Amino acid sequence: MPELKYAKYIVTEDLQKAPSAGFLKRREEQRKSGNFLEATHMLSLSDAIAKGALYCDTVWLWHKNGTQGVATEIAHTHDFDEILGFMGSSRENPKDLNAEIEFWLGDEKYMITQSCLIFAPRNIPHCPLVFHRIDSPILFFTVGNGTSYTRASGSEE
């Protein structure tokens, strides 16, 4: 059977690049303290994976361990617009996240408890992103109209 011309645009394997050393260090410190997320990175898309693709990243968040909030992102900006999505998994009420998530947009703090899409316009500071409670799985994703995930500010080396 001949190879299909557009098969390269259907991504089924996680081809994301390795997380930064700063992210890995923060995650390890959280695990040692007993405050951490159980999560499964699913799939990423970028120009490096499929030429011309927008940036996209998807993660299942299963559970939060410990009594303190878990910060998964630091404050930062991008040179592109970004959409962050949080989707609840309860069949009876999918709009209820069954979670409490702290999210900052500019200098404003929001407590997210419902399924939502958040628009972070280019150059507007957003995050930190702090998970205070996860009682049922959440599908979390980010999409940007850039071709790869880059930060204009908020470096984490």
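Anything mentioned here points back to the structure above.
What you are looking at is a predicted structure, and each value in this text was computed from that prediction instead of being measured.

Considerations on the side chain of Gln 30
Assignment of secondary structure puts Gln 30 in helix α1 (residues 21-33). The exposure class assigned to Gln 30 is buried, which follows from its relative accessible area of 15%. The residues touching Gln 30, leaving out its near neighbours within four places in the chain, are Asn 35, Phe 36, Val 70 and Ala 71.

Remarks on the sheet that holds strand β7 (residues 116-120)
Within the open sheet, the five strands sit side by side as β1-β2-β9-β4-β7. Their pairing is antiparallel. Each edge of the sheet is formed by a strand with only one pairing partner; in this case those strands are β1 (36-45) and β7. Strand-to-strand twist of the sheet, defined as the mean angle between neighbouring strand axes without regard to direction, takes the value 15 degrees. Pairing between strand β4 (residues 82-88) and β7: five bridges, direction antiparallel. Bridge pairing in β7 places Gly 85 opposite Leu 117.

A few points about the side chain of His 78
Tracing the backbone shows His 78 in the loop between β3 (70-73) and β4. With relative accessibility at 1%, the residue His 78 sits in the buried group. A distance of 3.3 Å separates a polar atom in the side chain of His 78 from a polar atom in the side chain of His 126.

With respect to the nonpolar core
If you look at the biggest cluster of nonpolar residues, it comprises 20 residues, and the most contacted ones within it are Leu 61, Phe 86, Ile 101, Leu 129, Phe 131 and Ile 138. For this core, the secondary structure elements donating two or more residues are β2 (55-65), β4, β5 (96-105), β7, β8 (126-134) and β9 (138-144). When sequence neighbours within four positions are dropped, the list of residues in contact with Leu 61 reads Leu 37, Glu 38, Ala 39, Phe 131, Ile 134, Ser 136, Pro 137, Ile 138 and Phe 140.

Observations regarding the sheet that holds β8
Judged by pairing direction, the sheet is antiparallel, and its four strands sit side by side in the order β3-β8-β5-β6 without closing on themselves. What marks the edges here is a single partner per strand, and that holds for β3 and β6 (108-114). Direction aside, neighbouring strands of the sheet carry axes that sit 25 degrees apart on average. Across six bridges, the pairing between β5 and β6 is antiparallel. When the sheet's bridge partners are listed, Trp 104 is paired in β6 with Lys 109.

Describing the pattern of salt bridges
Scanning the model with the defined rule gives four salt bridges in all. Between Asp 47 and Lys 51 there is a salt bridge; the shortest N-O distance is 3.2 Å. Residues Asp 135 and Arg 133 are paired through a salt bridge, measuring 2.3 Å at the closest nitrogen-oxygen approach. By relative accessible area, Asp 135 is classed as exposed at 54%. Accessibility expressed as a relative area gives 30% for Arg 133, which makes it partly exposed. The network of salt bridges with common partners includes Glu 100, Arg 133 and Asp 135.

What counts and what doesn't
- Residues numbered from 1 in each chain as written.
- Predicted model: local features only at pLDDT ≥ 70, side-chain atom pairs only at ≥ 80, totals over all residues.
- Heavy atoms only, no water.
- Helix = DSSP H or I, 4+ residues; strand = E, 2+ residues; numbered from the N terminus.
- Buried < 20%, exposed > 50% of the residue type's maximum accessible area, 1.4 Å probe, protein only.
- Contact = heavy atoms within 4.5 Å.
- Pairing = 2+ DSSP bridges.
- Axes fitted to C-alpha atoms, helices over the stretch in contact; angles between N-to-C directions.
- Polar contact = N/O pair within 3.5 Å; in protein donor to acceptor, adjacent residues only side chain to side chain.
- Core = buried A, V, L, I, M, F, W, Y, C linked by side-chain atoms within 4.5 Å.
- Salt bridge = Lys/Arg side-chain N within 4 Å of Asp/Glu carboxyl O.

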